[in-house]
Amino acid sequence: MSTVFPAIILAVLLALAGRALPVSRWTVRFLGGAVMFHLLLTGYDFLGLRWGRVALVLPLVVLAGLGTRTARTTRTARTFGWGDGAAGFALAAFAAFASTLWIATPDFIYHWGIKGERFFLARAVDYAWLAKGWNWVIHPDYPNLLPELFAGSALLAGRFEASSQMLWSVLFFAMILASGREALRHTPGAFAQPGMAIVGFALAGFGIVHRMAGAADWMPALALAAALPALLRPADREGDWEMGLAAAFAAASKIEGMPLAAFLAGAQLLRRRELGAALRLGLPTAAVAGAWAIRTFRHGLYQEFNSGTFDLGRAPEVLRGLIEVAGWKESWHGFVLVLLAAPLLLLPRRTRTAGAVISLQLLFYLWTYCSSAVDAEFQVISSFPRLAMHLIPAVVVAGTVALGEKDAPLPR
Amino acid sequence: MPHILRRLVLGFLLVWSAFLFLARLQKALADFDRRAIFRSDPVQWRFGMPQTQILERCFAEARPLIPPGSVVVFTSPKAEMADFYRWRWAAYGLPAHDVIQPETPRAAETAEYLISHQVPIRLPRARLIKQLTGCQLFRVQPL
């Protein structure tokens, strides 16, 4: 268990490093710190420098020291309620199971975990190894933030231990809940408390049955949840940073995070329409995506099976798969149907931008299924429950805001 | 939408999600209690179940005997993709090595070591190094 503490130390360092950025919310500071950590390690790789404890920790400490106090533009004014307690209980149940590895995702074995340990041993992202022909099975073209977090905490600990790496999923889950609380701060407790409990129960239930400990899917879900407070309030300068960092975090996490990053940044830019906002929104993601593209294409990592030709003729297969997933199956017990409410979020003015981002991401998933190079129905059944997890917390929180707004409307 | 109806929507979702959580928690606890005899499809193998525990022991014993960076062929009985998933567990269990399958192109030329899990090996180039828990480790002579 001792290797848990280095992971906690790294997580705290990332949040503290995020103080160097002009954002006041700790969840967004963590996302900013994680993005800077990713860019730091990528920079070392470009320069051919091996990762080490000092090279890892010192820049984060310097960034934390550079941080100035950013005045809070948002406050979590609500007191702790029964819904927060229920969500906390669900989180604790997930955390207890996660630490046993019993609910570790198969993908931890098949790619995320093995990458993390290999990078830890190589003290670098091992591109030569990723490019080996047989390694197509480990998705060598995926962004590497999660394996880098695994490798970073293993570097601090001196060894790689799977059970302590599960902490990252618990942390991401906790920050999704914290973001939900922040997004619901103006919503009356009669709505906000059930909303929090629903998010906690749904995520923990799915996380346990679908074995999501050690998975990367928490990260796009966190990016979207962390962006919600900015999406739900009138656009402002700090919101640009929040959305820009959430977008970059999503892009560094998974390939599906790249379109999410574009939708988040694009939605905020449409509300702001100024050059400064465009830079705050675009630069973090451009840095992440640019470095990813250079590395992926230089080392020939991109997998052709990731893309196919869009064909609307696949729609019946996709629909059959969606019906299968939406049924009373083990994974969501039909709860995935709440995604049908996503377009309804476009109706209230306050949730319109959030509803647009969520709906666009959902449409992107449907588009990829219609472009699938392999059996579309099988692909929907095997992947949509996980992809739905990216969106469900945001739909529930934004939906709760919409339902409660009539009782506590915000000034426009 | 009237206030009561909006609260009803949330109440319905709350009951639904609480059921989802409690039902899955109960099932997971029951599975966890019988993890020593738990069976599943190879794709869903977990840490702590008998099929993977024996492999983990094999890899833990093999790691100190194989120099890092070596090319290791892993072979196991073929059935319902089980050999594929055992290979992936082998790759995870030997992260410092390049673990390949016998079917990997040029495997015969590049192989330096061979780990066999329940497959008899009759290869003149393979010399048994050690019988490990649940597997055998061979040194493969270059072509």
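Within each chain, residues carry numbers counting from 1 in the order of the written sequence. Naming scheme: in the order in which they are written, chains are lettered from A and ligands are numbered from 1. Whole-chain, interface and lining totals are the exception, using all residues; otherwise, since this is a predicted model, local features are given only for residues with pLDDT of at least 70 and side-chain atom pairs are given and counted only at 80 or more.

We count a stretch as a helix when DSSP gives it H or I for four or more residues in a row; a strand needs E for two or more, and each element gets its number in order from the N terminus. Helices and strands together make up the secondary structure of chain A, namely 17 helices and zero strands. Along the three orthogonal principal directions, the C-alpha set of chain A runs to about 55 × 55 × 45 Å. Of the contacts formed within chain A by residues at least 6 apart in sequence, a portion of 81% connects residues at least 24 apart. We call two residues in contact when the distance between their C-beta atoms, placed using the backbone, is within 7 Å.

It is worth spelling out the overall build of chain B at this point. When helices and strands are tallied, chain B shows four helices and five strands. Reading the helices (α) and strands (β) of chain B from amino to carboxyl end gives α-α-β-α-β-α-β-β-β. Atoms counted for the radius of gyration: C-alpha only. Globule rule: 2.2 Å times the number of residues to the power 0.38. Here chain B has a C-alpha radius of gyration of 23 Å; the compact-globule value for 143 residues is 15 Å, and the former is much larger. Its C-alpha atoms give chain B principal-axis dimensions of about 80 × 30 × 30 Å. Residues counted as buried form 32% of the 143 residues belonging to chain B. For chain B, the share of sequence-separated contacts (at least 6 apart) that also reach a separation of at least 24 residues comes to 66%. Once C-beta atoms are placed from the backbone, each residue is buried if 20 or more other C-beta atoms lie within 10 Å of its own, exposed if 12 or fewer, and partly exposed for counts between those two.

Residue and element names in this part refer to chain A. Here an axis means a line fitted to C-alpha atoms, over the contact stretch when the element is a helix, while the angle between two N-to-C directions is reported on a 0 to 180 degree scale. At a closest axis distance of 7 Å, the pairing of helix α12 (residues 237-253) and helix α13 (residues 257-272) adopts a crossing angle of 165°. When the axes of α12 and α13 are compared, the pair comes out roughly antiparallel. You can see that α12 and α13 cross each other, and the crossing is left-handed. Every residue of α13 that contacts α12 at Gly 239, Asp 240, Met 243, Gly 244, Ala 246, Ala 247, Ala 248, Ala 250, Ala 251 and Ser 253 is listed here: Gly 257, Met 258, Leu 260, Ala 261, Leu 264, Ala 265, Gln 268 and Arg 272. Throughout this entry, Asp, Glu, Lys and Arg are counted as charged residues, while Ala, Val, Leu, Ile, Met, Phe, Trp, Tyr, Cys and Pro are counted as nonpolar. The remaining residues, Gly among them, count as polar. For the contact of α12 with α13, the class distribution of residues is 11 nonpolar, five polar and two charged. These descriptions rest on fixed angle ranges, namely under 35 degrees for roughly parallel, over 145 for roughly antiparallel, 65 to 115 for roughly perpendicular, and the rest for oblique. Note: crossing handedness is left-handed where the near helix turns anticlockwise from the far helix by less than a right angle, and right-handed where it turns clockwise.

As a further point, take the nonpolar core. Here is a general trend for soluble globular proteins: nonpolar side chains tend to be buried in one another's company. We define the nonpolar core as any set of buried residues of the types Ala, Val, Leu, Ile, Met, Phe, Trp, Tyr and Cys, connected via C-beta atoms lying within 7 Å of each other. The biggest cluster of nonpolar side chains holds 178 residues, and the ones touching the most others in it are A:Ala223, A:Ala246, A:Phe249 and A:Leu264. Domain delimitation follows an automatic or database domain assignment. Of the residues that make up this core, three or more belong to each of domain 1 (3-33) and domain 2 (43-140) of chain B. Beyond its immediate chain neighbours, meaning those up to four positions away, A:Phe249 contacts A:Leu31, A:Ala34, A:Val35, A:Met219 and A:Ala223.

Next up on the list: the interface of chain A and chain B. Across the boundary between the two partners, chain A contributes 37 residues, which contact 34 residues of chain B. Listing elements by their share of the side of chain A that touches chain B, those giving two or more residues are α4 (82-100), α5 (106-122), α10 (189-209) and α17 (376-405) of chain A. Among the elements that make up the side of chain A that touches chain B, the one with the highest residue count is α10(A) (12 residues). Its residues assigned to classes, the side of chain A that touches chain B comprises 27 nonpolar, six polar and four charged.

In this section: the domain arrangement of chain B. Assigned domains within chain B: domain 1 (3-33) and domain 2 (43-140). Averaged C-alpha coordinates put domain 1 of chain B and domain 2 of chain B at centres separated by 43 Å.

For helix α9 (residues 167-183) of chain A, which comprises 17 residues, the first-to-last C-alpha distance of 24 Å matches the rise-based estimate of 24 Å (1.5 Å per residue) to within 8%. With 16 of its 17 residues buried, α9(A) lies for the most part within the structure. Under the convention used throughout, the expected extent of a helix is 1.5 Å for every residue step, that is, one less than its residue count.

A few words now on unusual backbone geometry. Here the phi dihedral of A:Arg123 falls at roughly 55°; this positive angle occurs in a residue that is not glycine. Counting through the fold element by element, A:Arg123 comes out in the loop between α5 and α6 (127-130). Residue B:Arg106 is not a glycine yet carries a positive backbone phi of 65°. Within the fold, B:Arg106 resides in the loop between β2 (98-100) and α4 (107-110). Note on B:Arg106: 10 C-beta atoms within 10 Å, which makes it exposed.

Bringing the pairing of strand β4 (residues 126-132) of chain B into the picture now. Looking along a regular strand, one sees the side chains alternate between the two faces of the sheet. Residues and elements named next belong to chain B. Among the seven residues that make up β4, zero are buried, leaving the element largely open to the surroundings. Inspection of the sheet shows β4 paired to strand β5 (residues 135-140) by six bridges, in the antiparallel sense. In the strand pairing of β5, Leu 128 is matched with Phe 138. Each pair of strands is called paired provided DSSP finds at least two bridges between the two strands.

This part covers the sheet that holds strand β3 (residues 113-116) of chain B. All names here are of chain B. As summarised here, the arrangement of the five strands in space is β2-β1-β3-β5-β4, forming an open sheet in which the pairing is mixed. The two strands at the open ends of the sheet, each matched to only one other strand, are β2 and β4. On average, each strand axis in the sheet is inclined to that of its neighbour by 25°, with strand direction left out of account. Sheet contacts for helix α2 (residues 50-62): β3, β4 and β5; angle to β4, the most-contacted strand, approximately 115°. Against the sheet, helix α3 (residues 82-93) touches β1 (71-75), β2 and β3, its axis set at about 170° to β2.

Our next topic: the packing of helix α1 (residues 4-17) of chain A against helix α7 (residues 145-157) of chain A. All names here are of chain A. Interaxial distance between α1 and α7 falls to 8 Å at its minimum, and their mutual angle equals 120°. With respect to α7, the element α1 is oriented oblique. Pair α1 / α7 crosses with right-handed handedness. Counted together, Pro 6, Ala 7, Ile 9 and Leu 10 of α1 and Gly 152, Ser 153, Leu 156 and Ala 157 of α7 form the full contact between these two elements. The class makeup of the residues in the contact of α1 with α7 is six nonpolar, two polar and no charged.

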